[in-house]
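Structural characterization, general
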Amino acid sequence: MPKASSGWDDDDDVPLASMGNSKGAAQATSAPARALAPKAKEEKKDREVRQRKPQPSKSDFDDFKPSSNRRSSSGKQTLPEYVQANMGNIIVGTVVLVLIYGSIVSDGTNFNTDESASRIDPYKALGLSTAASDKEIKAAYRKLSLELHPDKNADQSEEDKAKFDEVTQGYKILSDPEKKKKWLNHENVDDKGIPSDTLTLTDETAHELNKGAWLLLAYADWSSECWDLAETWEKVGKDLGRYVHVARFNYEKSPKLAKKFQTFSVPMIYCYVDGVRTPFLGEPNHVNVTLFITKCLTESAEVIRDSSAGMFLENQDQRVKAMLFAQQGMVKLRLAFRSMAVQHKHVMDFAEVTYIGSEAMRALFGVNEEPAIVFIKEKGSQPLKYTGKMTQVKLAALFQQHQHHWTPRLNEHNFKSLCGAGLLGTQPCVVYLTQGGPPSVGVMETLRNASSLDLDAMAASTVDRAPTTYGWVDLAEQTEVSKAFGGNKAQVVALDALTKTFAPYDGPVTAEDLKDWAETFRGRLESDMDPLAGPLTFVREARASGSWRQWLRQLTPHLMTTIAVVAAWLLWYALHSLWSDLKMTGKKDKLKKVIEKGRAKIVEGETRKLSKWEVLEKQNSEARDKKRMVEEERDAKRLAIEAEAAAAAARDAEAQKVRAAEAAKQAALAAREQPHAKLPVQTPKSQNKKIVEVTDVELKRAIRDIVAAANLATTTKSSIRLALQAKYPDLDLLPRKDLVQVCMCVSEFVFL
């Protein structure tokens with residue numbers, strides 16, 4: 001019998017039935033991979049994938065099903081999606097805006113007033129249609145008056161008396177063409193309309209709105225609110241009429257004006273400046289309307305401080321600068337200053353200096369007391385400061401006097417007032433004629449000195465006299481003016497715009513000579529001057545383009561408005577994005593919790609599935625430990641048996657040697673005694689032993705027969721190997737270990 005070996009697998013003592021219940025796991029670990037069929041391997045792989053793939057519960061993700069308002073894959077929401085998602089908010093916001101707009105446009109308006117509700121319909125009272133003729137009206141009145149007259153009906157009821165009064169009043173209206181017209185126009189038939197001392201505009205006189213600033217009232221004669229406002233409007237007209245044009249228009253009789261000002265209700269008050277309409281919203285009292293018109297004129301004057309004064313003063317040679325130094329408030333003064341800015345916007349620049357941040361400007365111009373107005377004319381001249389009494393009349397005279405430079409350039413806006421046809425009097429002006437560009441510095445200084453001498457003479461005079469203006473004109477630009485002088489070659493002329501005459505000057509160009517020559521025109525007759533050869537027409541000049549700083553200053557309000565709108569939009573977008581992010585964060589947290597819950601369920605299921613494997617693994621581990629203990633005992637017994645066998649073999653060998661020696665001695669003695677006798681030849685016992693040869697086919701068949709006849713619940717690989725060894729005791733199975741293992745696995749797989 002061959003020696004036992006420990007080169008076999010550790011699962012020899014595991015029952016074959018337990019290995020079959022693990023669904024092939026034992027075969028996969030113990031048998032070589034080539035023993036499994038490809039189809040069985042694929043089925044096993046698919047089964048494991050299905051077992052380990054997460055299968056979330058349908059109810060866990062019900063809140064996250066795709067919906068129609070879910071954002072696109074790019075993360076941006078299209079306009080239809082946004083409208084659909086926010087339809088409720090859009091409808092509510094639209095309703096709120098409509099209600100607000102309705103409350104604004106209907107402020108102060110009630111078309112269903114007591115007066116309009118108590119109006120008698122004369123046609124209805126007489127039982128006629130509006131197309132009835134005068135003859136039909138008279139016939140109907142006679143018929144009804146006979147039926148309802150108190151003298152004809154002694155027992156007349158109160159209802160009949162009231163009806164008779166309606167018939168009488170209706171006939172009075174329809175029999176008077178003027179009252180009939182007023183009734184058809186929804187006017188008050190008993191009054192001649194709301195009286196007013198302010199100007200009343202119509203569609204035919206609407207072109208007057210292009211001149212200056214206007215404060216307008218839209219009214220209707222039948223409106224009781226308009227009648228209640230009439231007294232306040234008259235006070236406003238008398239007070240503010242000194243600063244702006246105050247007028248009114250009947251929005252029913254002037255449909256074009258009503259359309260231009262978008263008048264849908266009465267009374268409505270508007271401010272109209274440079275084509276811009278601004279409605280008044282609030283209580284229409286004197287104070288509120290004054291503040292309203294003052295704010296409307298804000299754009300006519302700039303607001304400057306030390307940091308922006310340089311840009312305002314940089315083109316002082318082109319236009320006269322006027323600056324107002326005043327503390328906060330002083331509404332009437334600011335209104336008067338801004339009204340002057342509207343009147344003289346073509347020849348002057350106006351600015352209001354802030355009370356804070358303008359210390360350097362106050363020190364520069366010597367403004368120690370307020371209010372004060374400073375005039376800045378061309379470079380080289382001293383600024384003029386006025387700190388006297390600030391009345392509207394005084395301011396009008398002040399701006400009329402200082403609206404031009406000391407030596408102004410004549411143009412279409414100033415030549416009439418400077419040359420005897422305006423508010424400055426009838427004194428002709430002295431004009432220096434150039435042929436391209438302004439006069440030289442010396443000539444400008446001469447003209448300025450002459451003007452100064454004339455002002456000194458006017459101040460020293462005991463009688464009222466108009467000042468003489470010393471200006472200049474470029475004939476290269478004003479070709480029509482050159483034609484009006486009829487080819488005159490004189491360098492200096494005296495021009496009277498009122499009488500359209502001129503006189504050339506051929507003397508020396510000095511300040512004293514020019515001043516004395518201008519004095520001679522105060523007593524000269526019109527015949528002493530030559531008539532102009534043509535109309536005195538100046539070319540319309542565009543305002544001189546300023547530097548980029550001026551353009552920036554002019555665009556600053558618009559830029560600030562744009563920046564404010566963009567900032568408001570960005571703020572709204574940021575808040576909207578923040579709100580969306582907060583909502584998405586909440587959804588993500590909820591989704592994360594659901595996912596974690598699903599994963600926990602999956603892990604729990606996997607744990608339950610793997611628990612079976614753990615039990616089986618524990619059983620296999622216990623079986624291996626038991627097998628190892630059995631093998632250790634068996635190896636110990638085998639080693640003891642082998643040791644005893646080796647000792648017995650040694651004793652036998654010694655005994656054999658002794659016997660062989662004795663036999664040799666006996667043989668030697670016998671040989672001596674019988675020298676010719678033959679000794680028998682002894683054949684070794686091992687040489688007579690039969691060698692057993694077993695083929696692989698026989699071995700496989702034997703293993704199959706053993707497995708088929710065995711009980712798989714108790715049979716192990718070890719028992720199969722012992723049975724095989726018993727069948728072939730002289731066969732060593734260890735060299736053919738692989739063949740035996742494969743045959744046992746195949747037989748087990750077949751019979752399971």
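Just so it is clear, the model here is predicted, and its values are computed rather than measured.

Let's talk about the overall build of the protein
When helices and strands are counted, the protein shows 25 helices and 15 strands. Counting all 752 residues of the protein, 34% fall into the buried class. For the protein, restricting intrachain contacts to residue pairs at least 6 apart in sequence, the fraction spanning at least 24 positions comes to 71%. With the model as given, the accessible surface of the protein reaches about 47,200 Å², and the carbon-plus-sulfur share is 56%.

A few points about empty space enclosed by the protein
Taken as a whole and assessed by the stated rule, the structure comprises 2 cavities of 30 Å³ or more. Estimates place the volume of the second largest cavity at around 50 Å³. Considering the residues around the second largest cavity, the lining is formed by Ile-194, Pro-195, Ser-196, Leu-217, Tyr-219, Cys-226, Ala-230, Trp-233, Glu-234 and Arg-248. Those elements that place two or more of their residues in the lining of the second largest cavity are β2 (213–219) and α11 (224–240). Top contributing element to the lining of the second largest cavity by residue count: α11, with 4 residues. Partitioning the lining of the second largest cavity into residue classes produces 7 nonpolar, 1 polar and 2 charged.

Quick notes on the nonpolar core
Counting 61 residues, the largest nonpolar core has Leu-215, Leu-216, Leu-240, Ile-269, Phe-350 and Phe-399 as the members making the most contacts within it. Filtering out sequence-adjacent residues up to four positions away, Ile-269 remains in contact with Leu-215, Leu-216, Leu-217, Leu-229, Trp-233, Thr-278, Pro-279, Phe-280, Pro-284, Val-289 and Phe-292. Membership of the second largest hydrophobic core comes to 20 residues, among which are Leu-418, Leu-433, Val-473 and Leu-532.

Quick word on the sheet that holds strand β3 (residues 245–250)
Spatially, 5 strands are ordered β1-β3-β2-β4-β5 in an open sheet, and the strand pairing comes out mixed. Every other strand in the sheet has two partners, leaving β1 (199–200) and β5 (276–279) as the edge strands with one partner each. This element, α11, spans β2, β3 and β4 (268–273) of the sheet and lies at about 165° to β2.

Overview of unusual backbone geometry
The omega torsion across Val-266 and Pro-267 is -5°, close enough to zero to call that bond cis. In this fold, Pro-267 is placed in the loop between α12 (255–260) and β4. Phi at Gln-262 is positive, roughly 55°, even though this residue is not glycine. Mapping Gln-262 onto the fold places it in the loop between α12 and β4. One non-glycine residue, Lys-500, lies in the positive phi region at around 55°.

Observations concerning α11
Along its 17 residues, α11 runs 24 Å from first to last C-alpha, staying within 8% of the 24 Å computed at 1.5 Å per residue. A bend of about 40° at Ala-230 is the largest found in α11. Cys-226, Leu-229, Ala-230, Trp-233, Glu-234, Val-236, Gly-237, Asp-239 and Leu-240 are the residues of α11 that are buried. Contact partners of the buried residues in α11: β2, β3, β4, α13 (286–296) and α15 (331–343).

Re the packing of α13 against α15
Running from N to C, α13 and α15 point in directions that differ by 40°, and their axes come no closer than 9 Å. Between α13 and α15, the interaxial angle falls into the category oblique. Regarding α13 and α15, the two cross each other, and that crossing is left-handed. The residues of α15 that touch α13, namely those facing Thr-290, Leu-291, Ile-293, Thr-294 and Lys-295, are Val-331, Lys-332, Leu-335 and Arg-338. Partitioned by chemical class, the residues of the contact of α13 with α15 number 4 nonpolar, 2 polar and 3 charged.

Some remarks on the confidence of the model for the protein
Scored by pLDDT, the protein comes out at a mean of 77, with 78% of its residues at no less than 70. Taken element by element, the protein is modelled with least confidence in helix α6 (residues 114–117), mean pLDDT 40, and with most confidence in β2, mean pLDDT 93. Every residue in residues 53–74 scores below 50 in pLDDT, and together they form 21 contacts with partners more than four places removed in sequence or on other chains.

Points about the pairing of strand β8 (residues 348–353)
Most of β8 sits out of view: 6 of its 6 residues are buried. Here β8 shows a buried face lined by Met-348, Phe-350 and Glu-352 and a second buried face lined by Asp-349, Ala-351 and Val-353. Sheet analysis places strand β6 (residues 302–304) next to β8, joined by 3 bridges and oriented parallel. Across the sheet, Glu-302 pairs through a bridge with Ala-351, a residue of β8.

Quick word on the state of the cysteines
Throughout the structure, instances matching the rule amount to 1 disulfide. Cys-419 shares a disulfide with Cys-429; S-S distance 2.0 Å. Between Cys-419 and Cys-429 the disulfide shows an S-S torsion of about 80°. By sign, it is right-handed. Placement of the pair is Cys-419 in the loop between α18 (415–418) and β11 (429–434) and Cys-429 in strand β11, with a sequence separation of 10 residues. Across the pair, exposure class does not vary: Cys-419 and Cys-429 are buried alike.

Quick look at the packing of helix α23 (residues 696–709) against helix α24 (residues 717–727)
Where α23 contacts α24, the two axes come as close as 10 Å, and the packing angle between them is 125°. The orientation of α23 with respect to α24, classified from their angle, is oblique. α24 is crossed by α23, and the crossing has right-handed handedness. Contacts between α23 and α24 pair Leu-699, Ala-702, Ile-703, Ile-706 and Val-707 from the former with Ile-720, Ala-723, Leu-724 and Lys-727 from the latter. Residue composition of the contact of α23 with α24, by class: 8 nonpolar, no polar and 1 charged.

About the criteria used
Residues numbered from 1 in each chain as written. Predicted model: local features only at pLDDT ≥ 70, side-chain atom pairs only at ≥ 80, totals over all residues. Heavy atoms only, no water. Helix = DSSP H or I, 4+ residues; strand = E, 2+ residues; numbered from the N terminus. Buried < 20%, exposed > 50% of the residue type's maximum accessible area, 1.4 Å probe, protein only. Contact = heavy atoms within 4.5 Å. Areas by Shrake-Rupley, 256 points an atom, 1.4 Å probe, with all protein chains shown as cover. 1 Å grid on protein atoms, 1.4 Å probe; cavity = no way out; pocket = protein on both sides within 12 Å on 5 of 7 lines; lining within 4 Å. Points joined across faces, edges and corners; volume = space filled by probe spheres on them. Nonpolar A, V, L, I, M, F, W, Y, C, P; charged D, E, K, R; others polar. Core = buried A, V, L, I, M, F, W, Y, C linked by side-chain atoms within 4.5 Å. Pairing = 2+ DSSP bridges. Axes fitted to C-alpha atoms, helices over the stretch in contact; angles between N-to-C directions. Expected span 1.5 Å × (residues − 1). Bend = angle between axes of the 7 residues up to and from the residue. Parallel < 35°, antiparallel > 145°, perpendicular 65-115°, else oblique. Left-handed = near helix turned anticlockwise from the far one by under 90°. pLDDT = per-residue confidence, 0-100. Disulfide = S-S within 2.5 Å.

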